[in-house]
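One letter stands for each residue in the lines below.
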2 protein chains.
Amino acid sequence: MRGLLEARDLDAALVTHQVNVRYLTGFTGSNGALLLTVAGSAMLATDGRYTDQATQQCRDVPAITTRALAGDLLAKAGNVGRLGVETHAMTVDAHTALAANLAAEASTTVALASLGRAVEQLREVKDPTEVDAVARACAISTEALEQLLAGPLVGRGERELARDLEWRMFALGAEAVAFDTIVAGGPHSAVPHHEPTDRALAPGDLLKIDFGARVDGYHADCTRTCVLGEPADWQREIHAAVRDAQRAGVDAMVTGAPVAQPDAAARQVLDEAGWLDRFTTGIGHGVGLQIHEDPFVGPRHLGRLGERSTITMEPGVYLPGRGGVRIEDTVVVGPAAPRVLTDTTRELLVVG
Amino acid sequence: MRGLLEARDLDAALVTHQVNVRYLTGFTGSNGALLLTVAGSAMLATDGRYTDQATQQCRDVPAITTRALAGDLLAKAGNVGRLGVETHAMTVDAHTALAANLAAEASTTVALASLGRAVEQLREVKDPTEVDAVARACAISTEALEQLLAGPLVGRGERELARDLEWRMFALGAEAVAFDTIVAGGPHSAVPHHEPTDRALAPGDLLKIDFGARVDGYHADCTRTCVLGEPADWQREIHAAVRDAQRAGVDAMVTGAPVAQPDAAARQVLDEAGWLDRFTTGIGHGVGLQIHEDPFVGPRHLGRLGERSTITMEPGVYLPGRGGVRIEDTVVVGPAAPRVLTDTTRELLVVG
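None of the values given here were measured: they were computed from a predicted structure. (Residues numbered from 1 in each chain as written. Chains lettered and ligands numbered in written order. Predicted model: local features only at pLDDT ≥ 70, side-chain atom pairs only at ≥ 80, totals over all residues. Heavy atoms only, no water.)

## Here's the deal with the sheet that holds strand S5 (residues 82-85) of chain A
Residues and elements named next belong to chain A. With mixed pairing, six strands are arranged side by side in an open sheet as S4-S3-S2-S1-S5-S6. The outermost strands of the open sheet, each flanked by one partner alone, are strand S4 (63-65) and strand S6 (111-114). Direction aside, the axes of adjacent strands within the sheet are offset by 25° on average. Bridge count between strand S2 (residues 32-37) and strand S3 (residues 42-46): five bridges; the pairing is antiparallel. (Pairing = 2+ DSSP bridges. Helix = DSSP H or I, 4+ residues; strand = E, 2+ residues; numbered from the N terminus. Axes fitted to C-alpha atoms, helices over the stretch in contact; angles between N-to-C directions.)

If you want it as C-alpha cells, here you go:
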C-alpha cells in the first residue's frame, strides 16, 4: 500500500469502501473508514455499534469511535498533505462534505486527490489464507452440486431446486450464498442470467446452474450445465464447444500471461466451432471478497495475471428459445498451470 | 416528480440510483438510467443484457440500449438546461465523467445540479399496490415464525435456526430474504445485530429473532423475543418494558404526526421504566423497495408521517452479558391508527 501511495504522489489514503476497509484491517462492520499514511501509520474509525468488534478484529490498528468518521480521522492526523480518496466508490455528497469539512479547518491544508483502485489492485493477488478461503467455498459448492444432481430432478421447479442447493451449501458450512442462485431449465437456459421460476424440469431439458458459497467473506463461483435424459445432437454439440473453449481459457491462466489471453484462447475455440456469435456475456472476473472484482478478463483489459489471483472462466453458447450452455470454474493462477478450485466434472452429465 | 423538479428549479432529472429507476419505471435490471424532463418526457437507457427486459417491464417508457447510459440519454435529449443528478448515490468518478462528457458536447449547455433525495421522498408514501406487497411479505414472515416457534428449539444452533426460518419463508412464497436473519440466544440476545453462531439454545435463554421476507421487491422487517422455559423476573421485566414502549411508539404512527413523535412516545415509556439507557439502536425506519429507507424515525428527524408510509418501530433493552429484548413491527401509517402488518403476538412467548 505504501508503494501505491508513493506511486500516486500521495501522503495519505482515506479508505471508505467497506470491502477495502475489511481487506486492509479485518474489520467486518458496515461502517468504517481507514486512514493510512505513507509514513506507515494507520487508524480506523467506526461508530458506537462497532466499538468492541473493531477492537477484537483489528488488534494492530488503533480504532476510534465517532459519528464523523473521515472528519475525526483527519482531525487526529493533522496535516496529511495530499490525501487520496476512493472517488470510484465515494458519493459526490460525501466528497463535498469532506471538502467542506477540510476547508473549515483553518489549521490544516489537506489537498484531496484520487486514490483510484489502489486497494482493488492489491486485492487481485491473494495471500495463501485468502486462497484457502476461496478453495473452501468452492469445495462446499461442488459438493452441494453433486448431491443435488444425484436427483431426482424431473418435475421439480427451478426455484425449489435453487433453495435445495443453497440449503445444502449452508449444511456443508457456507456462511451465505455468494449471489442469487441461477437455476435455468429448458429454454430458460438460453437466458444468461435467468431468475429461477416455478417452471418444472422436463425430460430433454438442458439444466444450467450458476451458484456459489461464501466462506469467511470469500466467494465461490461455479456453473455447470447438464441434460435431463438422453442429449440431443445440438445439445451435445454446443456443450462440447463450450467445454473445449472453457478448457482452453483455463489453460491460459498462467502467471504473467496478459489478462486478455485467456479470453482470446477461449474465443478462438468458440469461433472455430462456429458458435462465437452466440456468446454474449463477460468471460471471466476476479473473485474474492466480492463476487465480481478485479481483474476483469476481456479483449480490452490490460495488465498481466498475478500468481495466486483467483479468477473465473465462463464461456457459454446461448440459443434463444431453445437452450444454452455455460461452464464456469473458479481457478487460482499458477506458474505452469492454474489450479481449478471448483473441481467437479465438466463433461455433459445426463441426470434425471 | 414534476412538482419536485419545479421546486428545485430543475429542467430535468437524471435518475441513476437503481432502486429509484425501478420505482419510477418498474425496470428491475442492475444497470439503468432514466431521464425525466419537467415537460413530462421520460426515457430509459440500459445495456444489451437488458434490452428485452426493459421493453417488457416498462411499456410506457421508451428505452434505448447503449453502453454510455447517461451520455446517450443526454445526447438524445439535447439541451435540457439545469439537470439534477443523484449526488447522494452517484460516485465522484461517475459525476466527473458525466461533466467531462457534457463539456465535450459543444452544442449543449447542460448545468449539473443536485436532485437530492427527491425520489426517496416520493417513495416514502406507498401506493396501495406497494402496501399490498409489503403486507404479503409480512404475512409470510409471521407465518414462518409461528411455524418455527412451534419447536423444538432447545439444543439447536442459531445458524441452523436462521436457515430453517428462511427455508420456511421461501416455501411460503418469499422471493428472497429481506436481510441476513438474526437469531440470537442467551447472552447473544444482548448484541443488537448479532451474527448467528453455532451456539446451541439452552433452557432459560432469551431468543431474539430479527428477520423478514421479500416479495415483488418489497421487504418485511419483524423482531420477536421469546424465552426457553419459565422466564426469570428480569426477563419478564425488560420484555414488558419493551412491549409497552413498542406499543406506545406504534400507536403514535398516525397520519400527519411529526416523524419524531413515535420515537418520543416509545422513549418515554422506556425512560419511566428505568431502561432508556440500555436502548442503543435506531428506533424505526421506512421499509419498502429497500429494507432501510426514508423516513428514518428519531428525535432529530424532521417532517411528518405520510398516510400509507410503511415504517418499523423497534425499541429494545440490551443487558451485555445477560440478554436483550427487541420487539419490532412493520406498520402502515393511517389516519386514526396504524395497521400492523407483522401481526403476531408481542407477548412474551414461552417456547421450547
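## A closer look at the domain arrangement of chain A
All names here are of chain A. Segmenting chain A into domains produces domain 1 (2-123) and domain 2 (128-351). For domain 1 and domain 2, the distance between their C-alpha centres works out to 36 Å. Contact residues are listed per partner, giving seven residues for domain 1 and eight residues for domain 2. The contact between domain 1 and domain 2 buries some 630 Å² in all, and 42% of this surface belongs to carbon and sulfur atoms. If you look at where domain 1 meets domain 2, you find two salt bridges. One salt bridge connects Asp-294 with Arg-117, and the closest N-O pair in it is separated by 3.0 Å. At the boundary of domain 1 and domain 2, one finds four residue pairs in polar contact (both at pLDDT 80 or more). Every element with two or more residues in the side of domain 1 that touches domain 2 is listed here: helix H2 (18-25) and helix H6 (118-124). It is H2 that contributes the most residues to the side of domain 1 that touches domain 2, three residues altogether. Residue composition of the side of domain 1 that touches domain 2, by class: two nonpolar, one polar and four charged. (Domains from an automatic or database assignment. Contact = heavy atoms within 4.5 Å. Buried area = accessible area lost by both parts, 1.4 Å probe. Salt bridge = Lys/Arg side-chain N within 4 Å of Asp/Glu carboxyl O. Polar contact = N/O pair within 3.5 Å; in protein donor to acceptor, adjacent residues only side chain to side chain. Nonpolar A, V, L, I, M, F, W, Y, C, P; charged D, E, K, R; others polar.)

## Topic: the packing of helix H7 (residues 128-149) of chain B against helix H8 (residues 158-171) of chain B
All names here are of chain B. The interhelical angle for the contact between H7 and H8, taken along N-to-C directions, is 130°, at an axis separation of 9 Å. In terms of axis orientation, H7 runs oblique to H8. H7 and H8 meet at a crossing whose hand is right-handed. Across the interface between the two elements, Ile-140, Ser-141, Ala-144, Leu-145, Gln-147 and Leu-148 from H7 touch Leu-161, Asp-164, Leu-165, Arg-168 and Met-169 from H8. Class assignment of the residues belonging to the contact of H7 with H8 gives a composition of seven nonpolar, two polar and two charged. (Parallel < 35°, antiparallel > 145°, perpendicular 65-115°, else oblique. Left-handed = near helix turned anticlockwise from the far one by under 90°.)

## Digging into the relation of the copies chain B and chain A
Mapping chain B onto chain A calls for a rotation angle of 180° and an axial translation of 0.0 Å; the resulting RMSD is 0.0 Å. Interpreted geometrically, this transformation is the action of a two-fold axis. Closest to the rotation axis within chain B is the C-alpha of Thr91(B), separated from it by 2.1 Å. Comparing contact sets, 100% of the residues at the interface of chain B also lie at the interface in chain A, consistent with an isologous, same-surface contact. (Least-squares fit on C-alpha atoms with pLDDT ≥ 70 in both.)

## Comments concerning the pairing of strand S2 (residues 32-37) of chain B
Residues and elements named next belong to chain B. Of all six residues that make up S2, six are buried, and the element is covered over most of its length. Covered by surrounding structure in S2 are Gly-32, Leu-34 and Leu-36 together with Ala-33, Leu-35 and Thr-37, the residues of both alternating faces. Sheet analysis places strand S1 (residues 12-15) next to S2, joined by four bridges and oriented antiparallel. In the strand pairing of S2, Ala-13 is matched with Leu-36. The loop that links S2 with its antiparallel partner strand S3 (residues 42-46) comprises four residues; one of these, Gly-40, has a positive phi angle of about 110°. (Buried < 20%, exposed > 50% of the residue type's maximum accessible area, 1.4 Å probe, protein only.)

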